Amino acid sequence: MTEIQAVLCGYYGKGNGGDEALLVSMLEMLPPHVKPLVLSAEPRATSKNYGVKSYDRMNSGSVVRALKESQVLILGGGSLIQDATSMRNSIYYGGLIGLARQFGLQTLAIAQGIGPVDKPLTRWIAKRAFGNCTALSVRDPASAALLESWGLSCIIAPDPVWSLAATPVPEIASIPSPKIAVTLRSHPKLTAERLATVTTALVDLQAATGSHILLVPFQPTTDMDIAQQIRAKLTDNSQVVTLSDPKQLKGLFQGVDLAIGMRLHSLIMAAAEGCKCWAISYDPKVSKLMTEINIPGWELGDIPTDPVTITQAWQQHLQTGTAQSQDFLQNIAQKSLAHKDLLTAAINNIN
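All residue numbers here refer to positions counted from 1 along the written sequence of the relevant chain. At least 70 in pLDDT is required for a residue's local features to be given in this predicted model, at least 80 for side-chain atom pairs to be given and counted, and no such filter applies to totals for whole chains, interfaces and linings, which use all residues. Hydrogens and water are ignored here; the side-chain numbers use all heavy atoms of the structure.

1. Section: the overall build of the chain
Reasoning step 1: Along its length, the chain carries 15 helices and 13 strands.
Reasoning step 2: Expected size for 351 residues packed as a compact globule is a radius of gyration near 20 Å; at 20 Å, the chain falls within 12% of this value.
Reasoning step 3: Only protein chains enter the accessibility calculation, which uses a 1.4 Å probe; a residue whose area is less than 20% of its type maximum is buried, one above 50% is exposed, and one in between is partly exposed. Here the chain holds 351 residues, and 54% of them are scored as buried.
Reasoning step 4: Within the chain, residue pairs in contact and separated by at least 24 positions form 71% of the contacts whose partners lie at least 6 positions apart.
Reasoning step 5: For the accessible areas, the method is Shrake-Rupley and the probe is 1.4 Å, while residue cover comes only from the protein chains on display. Per element, the accessible surface of the chain, about 14,700 Å² overall, is 50% carbon and sulfur.
Reasoning step 6: Within the chain, one finds 29 positive and 28 negative side-chain charges whose respective centroids are separated by 8 Å. By definition, any uninterrupted DSSP run of H or I lasting at least four residues is a helix, any uninterrupted run of E lasting at least two residues is a strand, and each is numbered from the N terminus. C-alpha atoms define the radius of gyration, and 2.2 Å times the number of residues to the power 0.38 defines the globule rule. Throughout, a contact is declared for two residues whenever any of their heavy atoms are within 4.5 Å. For the purpose of charge, His is not counted, nor are the chain termini; Lys and Arg are scored as positive and Asp and Glu as negative. Charged side chains are reduced to one point each, which is NZ for Lys, CZ for Arg, CG for Asp and CD for Glu.

2. Quick notes on the nonpolar core
Reasoning step 1: The definition of a nonpolar core used throughout is a set of buried Ala, Val, Leu, Ile, Met, Phe, Trp, Tyr and Cys residues joined through side-chain atoms within 4.5 Å. Residues Leu-8, Ile-74, Ile-260 and Trp-314 are the most contacted members of the largest nonpolar core, which totals 86 residues.
Reasoning step 2: Viewed by domain, this core spans two of them, domain 1 (4–156) and domain 2 (170–329), each represented by three or more residues.
Reasoning step 3: The residues contacting Ile-74, other than those within four sequence positions of it, are Ala-6, Val-7, Leu-8, Cys-9, Leu-30, Leu-108, Ile-110, Leu-343 and Ile-347.
Reasoning step 4: Counting residues in hydrophobic clusters, the runner-up holds 32 residues, among them Cys-9, Ile-81, Val-117 and Leu-146. Domain start and end points were adopted from an automatic or database domain assignment.

3. Points about the UniProt feature "domain: Polysaccharide pyruvyl transferase" (unreviewed entry) in the chain
Reasoning step 1: UniProt positions are given in the numbering used here, feature names are shortened, and annotations may be inferred rather than shown by experiment. Summarizing the sequence annotation, UniProt attributes the feature "domain: Polysaccharide pyruvyl transferase" (unreviewed entry) to residues 16–284 in the numbering used throughout.
Reasoning step 2: Helix makes up 43% of residues 16–284 and strand 20%, with an end-to-end C-alpha separation of 19 Å.

4. Here we look at helix H8 (residues 192–209)
Reasoning step 1: For H8, which comprises 18 residues, the first-to-last C-alpha distance of 26 Å matches the rise-based estimate of 26 Å (1.5 Å per residue) to within 8%.
Reasoning step 2: If you check which residues of H8 are buried, you get Leu-195, Thr-197, Val-198, Thr-199, Ala-201, Leu-202, Leu-205, Gln-206 and Thr-209.
Reasoning step 3: Those residues of H8 that are buried lie in contact with strand S8 (179–183), strand S9 (212–215), helix H9 (220–231), strand S10 (238–240), strand S11 (258–261) and helix H13 (307–320).
Reasoning step 4: Of the residues flanking the end of H8, it is Gly-210, one or two places downstream, whose phi is positive at about 65°. Helix span, expected: 1.5 Å multiplied by one less than the number of residues in the helix.

5. Things to note about the pattern of salt bridges
Reasoning step 1: Within this document, salt bridges are pairs made up of a side-chain nitrogen of Lys or Arg and a carboxyl oxygen of Asp or Glu, the two lying within 4 Å of each other. All chains considered together, the criterion is met by five salt bridges.
Reasoning step 2: Between Asp-223 and Arg-263 there is a salt bridge whose closest N-O contact spans 2.8 Å. Of this pair, Asp-223 sits in helix H9 while Arg-263 sits in the loop between S11 and helix H11 (264–272), placing them 40 residues apart in sequence. Grouping residues by exposure puts Asp-223 and Arg-263 together as buried.

6. Some details on the side chain of Lys-276
Reasoning step 1: The residue Lys-276 is located in strand S12 (residues 276–281) in this model.
Reasoning step 2: Despite being buried, Lys-276 has no salt bridge partner; Asp-257 is the closest side chain of opposite charge, sitting 6.6 Å away.
Reasoning step 3: Here a polar contact is taken to be a pair of N or O atoms separated by no more than 3.5 Å, where protein atoms must pair a possible hydrogen donor with a possible acceptor and residues adjacent in sequence count only if both atoms sit in side chains. Within the local environment of Lys-276, its side chain forms a polar contact with the backbone oxygen of Leu-318, the two atoms lying 2.6 Å apart.
Reasoning step 4: Setting aside anything within four residues of it in sequence, one finds Lys-276 in contact with Asp-257, Leu-258, Ala-259, His-317, Leu-318, Gln-319, Thr-320, Gly-321, Thr-322 and Ala-323.

7. Concerning the domain arrangement of the chain
Reasoning step 1: Segmentation of the chain into domains returns domain 1 (4–156) and domain 2 (170–329).
Reasoning step 2: For domain 1 versus domain 2, the distance between C-alpha centres works out to 29 Å.
Reasoning step 3: Between domain 1 and domain 2, the contact holds 21 residues from the first and 16 residues from the second.
Reasoning step 4: Here the buried area means the combined drop in accessible surface, using a 1.4 Å probe, for two parts upon being joined, counting both sides. Here domain 1 packs against domain 2, burying approximately 1,200 Å² in sum over the two surfaces, 54% of which is carbon and sulfur.
Reasoning step 5: Counting the surface domain 1 buries against domain 2, the share from its top three residues, Asn-16, Gly-17 and Arg-139, is 28%.

8. Describing the side chain of Asp-223
Reasoning step 1: Under the relative-accessibility criterion, Asp-223 is labelled buried at 1%.
Reasoning step 2: Of the polar contacts made by the side chain of Asp-223, one reaches the backbone nitrogen of Phe-218; its length is 3.3 Å.
Reasoning step 3: One polar contact links Asp-223 to Thr-222, side chain to side chain, over a distance of 2.9 Å.
Reasoning step 4: Residues within four places of Asp-223 in sequence aside, it is in contact with Leu-184, Arg-185, Ser-186, Pro-217, Phe-218 and Arg-263.

9. Examining the sheet that holds strand S1 (residues 4–9)
Working definition: the strands of a sheet are paired by backbone hydrogen bonds and lie parallel or antiparallel to each other.
Reasoning step 1: The strand order across the open sheet built from seven strands is S3-S2-S1-S4-S5-S6-S7, with neighbouring strands paired in parallel fashion. Each edge of the open sheet is held by one strand with a lone partner, namely strand S3 (53–56) and strand S7 (155–156).
Reasoning step 2: What makes two strands pair is DSSP finding at least two bridges between them. For strand S5 (residues 106–112) and strand S6 (residues 135–138), the ladder comprises three bridges, and the chain directions are parallel. Following the sheet pairing, Gln-112 is matched in S6 by Val-138.

10. Here we look at the environment of Leu-75
Reasoning step 1: Relative to the assigned elements, Leu-75 resides in strand S4 (residues 72–78).
Reasoning step 2: Relative accessible area serves as the criterion here: at 1%, Leu-75 is assigned to the buried category.
Reasoning step 3: A sequence separation of 36 residues divides Leu-75 from Ala-111, and the C-alpha atoms of the two residues are 8.6 Å apart.
Reasoning step 4: If near-sequence neighbours (up to four positions away) are discounted, Leu-75 is found in contact with Cys-9, Leu-80, Tyr-93, Ile-97, Leu-108, Ala-109, Ile-110, Gln-112 and Phe-130.

Written as structure tokens, this is what we have:
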């Protein structure tokens with residue numbers, strides 16, 4: 001087949017473990033005759049880490065050059081068009097799709113989590129952007145329902161990170177059980193008071209169970225301060241773990257007994273590696289995952305104010321809770337490959 005070049009765009013190069021895992025998943029999905037060009041916040045690091053051509057996502061000249069050099073644009077995974085945080089991302093990705101269409105590129109949106117799109121302008125951007133895509137896949141029923149309400153067809157399949165191969169981390173695997181991984185992120189609702197309550201609950205949980213606690217900042221630039229604050233209150237039987245390789249980040253959860261997570265992909269990675277999970281949801285996408293695969297937890301604003309209540313809930317889940325079954329994990333990983341099948345078929349139709 002004739003070699004073609006595909007521009008991959010997403011929240012890449014920001015040091016977010018979940019989005020980097022999506023990038024690796026997207027790269028692995030590409031057919032052999034497709035050469036990737038990644039738009040990244042840190043193009044040099046992206047090129048070095050993944051062996052791909054990469055341009056600065058915010059340099060308009062580089063973006064235009066990337067599109068002119070390519071035949072397809074792939075919007076690659078994640079909640080990219082939404083207004084929960086700001087409208088800037090929606091304007092960026094919507095504009096990128098529009099520009100790609102002007103240059104005659106095929107545009108594909110793969111493994112999207114759409115919304116919330118509460119503002120009229122964001123909704124208009126989303127409807128127009130996804131309407132300009134020649135192939136659409138989403139990772140949750142609510143996103144599919146939204147597209148269908150706009151008259152747009154799509155496939156729905158689990159997040160691609162479910163099927164991402166994990167790389168074991170020997171130094172973590174050698175730590176005696178029980179092991180508890182904690183992945184928190186900064187958020188306005190994670191107030192100093194709530195963080196103090198959660199920290200006290202973790203200190204008490206460690207004392208009650210003799211656990212080794214792994215504090216895992218998925219995006220160190222925003223999560224490290226919280227991890228270090230908690231680490232300062234724990235015994236020596238704890239550590240902050242930072243891993244830049246998404247496959248290692250997923251592999252970290254192998255042999256972990258309980259994962260307490262805010263970030264979506266920390267919960268997906270942990271569940272995929274057979275770990276019991278407890279969610280603290282700061283975003284509808286996390287709440288959707290809790291419902292879809294029956295993960296217990298709390299909405300961030302509804303965390304109990306008594307640390308004893310939190311500790312007891314975590315301890316009980318550690319002792320008597322269940323992880324996802326191997327049959328379930330094999331099934332969900334297989335289903336997630338539907339994104340790859342759609343992507344391959346759409347690209348093959350370009351030639």
